[in-house]
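Listed below are the residues making up each chain.
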Amino acid sequence: MTVSSGRPRGRGRGGFWVLAAATVWGTSGAAAALVPQVSALVVGALTLAVSGIVLCAVMFRRIGAVFRASGAGPLLAVAAGCLGVYILAFFSGMALAGVAVGTVIAIVSAPIVVGAIEAVTASALPGRRWSVAAALTLAGGVLLVTGRQSSVGSPVDPGQLAIGSAVAVLAGIAYAGFTIATSRLILPSPRRPEGLADGPVIGAVQGLTVIPLAVVALVVGVPGVTEVAAWSVLLYIGLVPTAVGYLLYARGLRHVSASTASLLTLFEPVVATLLGVFLIGEVLSSVGWVGLGLAMAGLAAATVTAGAVGVADR
């Protein structure tokens, strides 16, 4: 059974746009390690605020057309709200449950939630190839992250672990909501036959998150951010992984389903792990190397699936 996705041609290229986004996202951890005195939550909030301000300034006139588009308001609110919740929940989940557990739960839950929503709405039913790619990538991602962190950190209180795990699940759900809402803004629909330009959509979404996230950063406190070295790192993360990365991701969403895009973003922990091992001197266990191999195999399969004419093979 073949189910058409209704997307423009260039699906394989769309997969590579998403992989490019995941690649630049993967550099964030290594960059943030250069300013350990700044909390991860503050880094996430400030860098998204920087990105939102820059994109709004560069695309000011085109962003106005996004806000005026028929039926775009509710989707913009959902996308922006979900993105803000994702940033706060992701870093809070890691702080409560530990980096390994929080990261694994967040990155695994997002593709599962997106795939389930697409299956229910029948907008792009995942086929057997996507399912195989998802199984390989998700299993590899779990082993990769746990292998990278297996010897790091102290035991976490069970109650704190449970709360942190729930918050990490919320992060995955929020990211899924952001992906689906953004995809529906970009793609053609009865109310918006031409769809909306991906760059201005991301600029509008991030622009809506600037004030609340900046307030969060100020409330949490920003010790160490006054240093020049800290700001240079924050500006890099804000301009490259956050601004450029999300623009690449939005471009990919124009050509591949949200379920495939969310799966391909698991290339981010692969890049982060390799940078951590070869540039920062982190140690990856044998389990982690097995996970790396599985994740790469799954991502390769997902990229091939993204290039298919339709989402098929039931």
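Residues numbered from 1 in each chain as written. Predicted model: local features only at pLDDT ≥ 70, side-chain atom pairs only at ≥ 80, totals over all residues. Heavy atoms only, no water.

Engineer: Is there a simple way to explain the overall build of the chain in this structure?
Structural biologist: Per the secondary structure count, the chain includes 13 helices and 0 strands. In the chain, of all internal contacts separated by at least 6 residues, the share reaching a separation of at least 24 is 90%. (Helix = DSSP H or I, 4+ residues; strand = E, 2+ residues; numbered from the N terminus. Contact = heavy atoms within 4.5 Å.)

Engineer: Help me understand the packing of aromatic side chains, please; the structure alone is not making it clear to me.
Structural biologist: Each aromatic ring pair is characterised by the separation of its centres together with the angle its planes make. According to the stated counting rule, one finds 9 aromatic pairs in the structure shown. Measuring from ring centre to ring centre gives 6.1 Å for Tyr 175 and Tyr 249, while their planes differ by 35 degrees; the resulting arrangement is tilted. Taken as a pair, Tyr 175 in helix 8 (residues 158–186) and Tyr 249 in helix 10 (residues 228–253) lie far apart in primary sequence, 74 residues in all. Look at Tyr 175 and you get buried, because its relative accessible area is 7%. Among the residues examined, Tyr 249 registers a relative accessible area of 0% and is labelled buried. (Phe/Tyr/Trp six-rings, centres within 6.5 Å; stacked < 30°, edge-to-face > 60°. Buried < 20%, exposed > 50% of the residue type's maximum accessible area, 1.4 Å probe, protein only.)

Engineer: Help me out: how do you make sense of the side chain of Arg 192 in this one?
Structural biologist: For Arg 192, the position within the fold is in the loop between helix 8 and helix 9 (198–220). Within the buried set, Arg 192 has no salt-bridge partner at all; the shortest N-O distance to an opposite charge, 11 Å, is to Glu 194. (Lys, Arg positive; Asp, Glu negative; His and termini not counted. Salt bridge = Lys/Arg side-chain N within 4 Å of Asp/Glu carboxyl O.)

Engineer: Just to check I follow, could you spell out the packing of helix 3 (residues 40–58) against helix 9 for this structure?
Structural biologist: The packing of two helices is summarised by the inter-axis angle and the distance between the axes. It is at 7 Å that the axes of helix 3 and helix 9 come closest, and there the two elements cross at 140 degrees. By crossing handedness, the relation of helix 3 to helix 9 is classed as left-handed. The residues of helix 9 that touch helix 3, namely those facing Leu 41, Val 42, Ala 45, Leu 46, Leu 48, Ala 49, Ser 51, Gly 52, Ile 53, Leu 55 and Cys 56, are Ile 202, Gly 203, Gln 206, Gly 207, Thr 209, Val 210, Leu 213, Ala 217 and Val 220. When grouped by side-chain class, the residues that make up the contact of helix 3 with helix 9 number 14 nonpolar, 6 polar and no charged. (Axes fitted to C-alpha atoms, helices over the stretch in contact; angles between N-to-C directions. Left-handed = near helix turned anticlockwise from the far one by under 90°. Nonpolar A, V, L, I, M, F, W, Y, C, P; charged D, E, K, R; others polar.)

Engineer: For this particular structure, what's the right way to read helix 4 (residues 60–68)?
Structural biologist: Turn by turn, an α-helix covers 3.6 residues, leaving residues three or four places apart pointing in a common direction. Residues Ile 63, Gly 64 and Val 66 constitute the buried set of helix 4. What you see down the axis of helix 4 is that its buried residues fit within an arc of 155 degrees, all on one side. For helix 4, the exposed residues set more than 90 degrees away from the buried face come down to Arg 61, Arg 62 and Arg 68. (Arc of directions from axis to C-beta.)

Engineer: It is not clear to me how the environment of Ala 229 should be interpreted in this structure. Could you clarify?
Structural biologist: Tracing the backbone through its elements, the reader meets Ala 229 in helix 10. The spacing of Ala 229 and Val 35 is 194 residues in sequence and 7.6 Å in space, taken between C-alpha atoms.

Engineer: What is the right way to read the pattern of salt bridges from this model?
Structural biologist: If the charged atoms of two oppositely charged side chains come close together, the side chains can form a pair. Enumeration over the complete set of coordinates arrives at 2 salt bridges. One salt-bridge network, held together by shared partners, links Asp 198, Arg 251 and Arg 254.

Engineer: What is the right way to look at the environment of Ala 217 in this model?
Structural biologist: Structurally, Ala 217 is set in helix 9. A relative accessible area of 1% places Ala 217 in the buried class. Between the alpha carbons of Ala 217 and Leu 41 there is a distance of 7.6 Å; along the sequence they are 176 residues apart.

Engineer: Please clarify how the nonpolar core should be interpreted in this entry.
Structural biologist: The tendency in soluble globular proteins is for nonpolar side chains to be buried side by side. Counting residues in hydrophobic clusters, the biggest one holds 77 residues, and the most contacted among them are Tyr 86, Tyr 175, Phe 178, Val 205, Tyr 246 and Tyr 249. For this core, the leading source of residues is helix 5 (residues 72–97), giving 13 residues. With residues up to four places along the chain from it excluded, the contact list for Val 205 reads Leu 76, Ala 79, Ala 80, Leu 83 and Phe 178. If you look at the next biggest cluster of nonpolar residues, it comprises 7 residues, including Val 104, Ile 107, Leu 138 and Leu 266. (Core = buried A, V, L, I, M, F, W, Y, C linked by side-chain atoms within 4.5 Å.)

Engineer: Before we go on, may I ask you to explain the confidence of the model for the chain in this structure?
Structural biologist: When pLDDT drops low, the exact placement of atoms in the prediction is not to be read closely. The pLDDT averaged across the chain works out to 83; a share of 87% of its residues lies at or above 70. Note on residues 1–6: pLDDT under 50 across the span, and 14 contacts to partners over four residues away in sequence or across chains. Contacts for the low-pLDDT stretch residues 309–314, under 50 throughout, to residues beyond four places or in other chains number 24 contacts. (pLDDT = per-residue confidence, 0-100.)

Engineer: So what exactly am I meant to see when it comes to a nonpolar patch on the surface here?
Structural biologist: Nonpolar side chains collect at one region of the surface, where Phe 278, Leu 279, Ile 280 and Trp 289 lie side by side and expose about 470 Å² of accessible area between them. Per-element accounting of the nonpolar patch gives the leading share, 3 residues, to helix 12 (residues 267–280). Within the secondary structure layout, Trp 289 lies in helix 13 (residues 286–306). (Patch = residues over 30% accessible without salt bridge, like charges linked within 9 Å, V, L, I, M, F, W, Y side chains within 5 Å. Areas by Shrake-Rupley, 256 points an atom, 1.4 Å probe, with all protein chains shown as cover.)

Engineer: Is there a simple way to think about the side chain of Ser 259 in this case?
Structural biologist: Structurally, Ser 259 can be placed in helix 11 (residues 258–264). You can call Ser 259 buried: its relative accessible area is 1%.

Engineer: What exactly am I supposed to notice about the environment of Val 101 here?
Structural biologist: Along the chain, the position of Val 101 falls in helix 6 (residues 99–121). Linking Val 101 and Thr 146, residues 45 residues apart in sequence, is a C-alpha distance of 7.6 Å.

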